[in-house]
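One-letter residues, chain by chain:
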Amino acid sequence: MNKISIAIDGPAAAGKSTVAKIIAEKLHYIYIDTGAMYRALTFKALQSEIDINDEESLIPLLKETEIVLNPGESGQRILLDGIDVSTEIRTAEVTNSVSTVSKHKQVREEMVARQQRFGQEGGVVMDGRDIGTHVLPDAEVKVFLLASVDERAARRHAENLEKGFPSDLALLKEEIAKRDKLDSEREVAPLKKAEDAVELDTTSLSIHEVVDRIMKLVEERI
Ligand code: C5P
């Protein structure tokens, strides 16, 4: 069977990673969470006390940084220079800084090059903000997932509570809206639907329904 590339983009907390992971499992494809790569660099920059506004300092840091996305039994593990930082990259501190790190042109060039190497063989489901527009412009299936800010904040809130993390719904809503604004308005590769992407509003759909709709698009292409 033909191994295709699947690009899933959309705003923060739209359910991209949940859906991408399930689809990758169903197809026995590799799943690449590109947001985790920007998060890992952000975590390292904060730890190293590097100014996240300073592109000239971030670039050498990124060049000497190894980021491995490692599938494991409990989902994807993110290894930063060999150390598992899967939990650390999801903290509010990293989440509130990552859009600053990801706005830099040279940071994006290096990340995109790495992501394209991961995807070069096909058989990949990649999620992010610029996958359909820049990373995998020739992907056979491109999906742009949308949901209202209220719905996305409510989902993330429920997820946090389930994991036993502290969570403030109003604050989450504010943070998600702020991150969307930064990601959509940045100069380099902003969050944007690719012209040939299929838009899917998931506000009133279950995960199962979203997966089904994407699988239909996939089946048409393999
Ligand atoms: O997907 P996630 O919410 O983990 O992404 C974290 C951040 O990484 C985004 O808010 C965005 O600033 C950045 N990002 C990006 N391009 C991607 C994936 C993520 O700029 N392809």
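Residues numbered from 1 in each chain as written. Predicted model: local features only at pLDDT ≥ 70, side-chain atom pairs only at ≥ 80, totals over all residues. Heavy atoms only, no water.

Draft legend 1. Just the overall build of the protein, in detail. The secondary structure content of the protein amounts to 10 helices and 8 strands. Dimensions along the principal axes, computed over C-alpha positions, put the protein at roughly 50 × 40 × 35 Å. Looking at the protein as shown, the accessible area adds up to about 11,300 Å², and 49% of this sits on carbon and sulfur atoms. Looking at charge distribution, the protein has the averaged site of its 30 positive side-chain charges lying 2 Å from that of its 41 negative ones. (Helix = DSSP H or I, 4+ residues; strand = E, 2+ residues; numbered from the N terminus. Areas by Shrake-Rupley, 256 points an atom, 1.4 Å probe, with all protein chains shown as cover. Lys, Arg positive; Asp, Glu negative; His and termini not counted. Charge placed at Lys NZ, Arg CZ, Asp CG, Glu CD.)

Draft legend 2. Geometry of the site of the ligand. As a matter of local geometry, the ligand sits amid 16 residues, with R39, S102, R108, D130 and D183 nearest to it. A distance of 3.0 Å separates a nitrogen atom of the ligand from a polar side-chain atom of T34. In this structure, an oxygen atom belonging to the ligand sits 3.0 Å away from a side-chain N or O atom of R129. Coverage of the ligand by the protein chains reaches 96% of its 450 Å² of free accessible surface. Here the element with the most residues in the shell around the ligand is helix α2 (residues 34–47); it accounts for 4 residues. Residue classes in the shell around the ligand are distributed as 3 nonpolar, 5 polar and 8 charged. (Near = heavy atom within 4 Å. Polar contact = N/O pair within 3.5 Å; in protein donor to acceptor, adjacent residues only side chain to side chain. Nonpolar A, V, L, I, M, F, W, Y, C, P; charged D, E, K, R; others polar.)

Draft legend 3. Expanded view of the UniProt feature "binding site: ATP" (unreviewed entry) in the protein. The feature "binding site: ATP" (unreviewed entry), as annotated in UniProt, sits at G10, P11, A12, A13, A14, G15, K16, S17 and T18 in this numbering. Of the residues examined, P11 reaches a relative accessible area of 5% and is grouped as buried. Ignoring anything within four residues of it in the chain, the contact list for P11 reads K16, R129, L145, L146, R152, D180 and L191. The topology assignment puts A13 in the loop between β1 (5–9) and α1 (16–27). A13 has contacts with R152, R156 and I176, leaving out every residue within four places of it along the chain. (UniProt positions renumbered as here; feature names shortened; annotations may be inferred. Buried < 20%, exposed > 50% of the residue type's maximum accessible area, 1.4 Å probe, protein only. Contact = heavy atoms within 4.5 Å.)

Draft legend 4. The arrangement of the layout of surface pockets in detail. Here the second largest pocket defines a volume of roughly 200 Å³. What lines the second largest pocket is K21, A24, E25, Y29, I30, Y31, P71, G72, G75 and Q76. Of all elements in the fold, only α1, β2 (30–33), β3 (67–72) and β4 (75–80) reach the threshold of two or more residues within the lining of the second largest pocket. Considering every element that reaches the lining of the second largest pocket, the biggest residue donor is α1, with 3 residues. Of the residues contributing to the lining of the second largest pocket, the split by class is 5 nonpolar, 3 polar and 2 charged. (1 Å grid on protein atoms, 1.4 Å probe; cavity = no way out; pocket = protein on both sides within 12 Å on 5 of 7 lines; lining within 4 Å. Points joined across faces, edges and corners; volume = space filled by probe spheres on them.)

Draft legend 5. Region of interest: helix α6 (residues 105–119). With 15 residues, α6 should cover 21 Å at 1.5 Å per step; its first-to-last C-alpha distance of 21 Å lies within 8% of that length. For α6, the full list of buried residues reads V107, R108, E110, M111, V112, R114, Q115 and G119. (Expected span 1.5 Å × (residues − 1).)

Draft legend 6. Structural view of the sheet that holds β1. Judged by pairing direction, the sheet is parallel, and its 5 strands sit side by side in the order β2-β6-β1-β7-β8 without closing on themselves. In this open sheet, the two strands that pair with only one neighbour each are β2 and β8 (198–201). Neighbour-to-neighbour, the strand axes of this sheet turn through a mean angle of 20°, independent of strand direction. Sheet topology note: the β1/strand β7 (residues 141–146) ladder contains 4 bridges and is parallel. Its bridge partner lying in β7, A7 is registered against K142. Against the sheet, α2 touches β2 and β6 (124–128), its axis set at about 45° to β2. Set on the sheet, helix α10 (residues 207–221) makes contact with β1, β7 and β8; between it and β7 the angle comes to about 165°. (Pairing = 2+ DSSP bridges. Axes fitted to C-alpha atoms, helices over the stretch in contact; angles between N-to-C directions.)

Draft legend 7. Spotlight on the environment of S102. On the secondary structure map, S102 appears in the loop between α5 (98–101) and α6. Along the sequence, S102 and R213 sit 111 residues apart, while their C-alpha atoms lie 30 Å from each other.

Draft legend 8. Looking closely at α10. Between its first and last C-alpha atoms α10 spans 22 Å; for 15 residues at 1.5 Å apiece the expected length is 21 Å, and the two agree. All of the buried residues along α10 are V210, V211, I214, M215 and V218. An end-on view of α10 places all buried positions within 130° of arc, on one side of the element. Of the exposed residues in α10, those oriented more than 90 degrees away from the buried face are K216, E219 and E220. (Arc of directions from axis to C-beta.)

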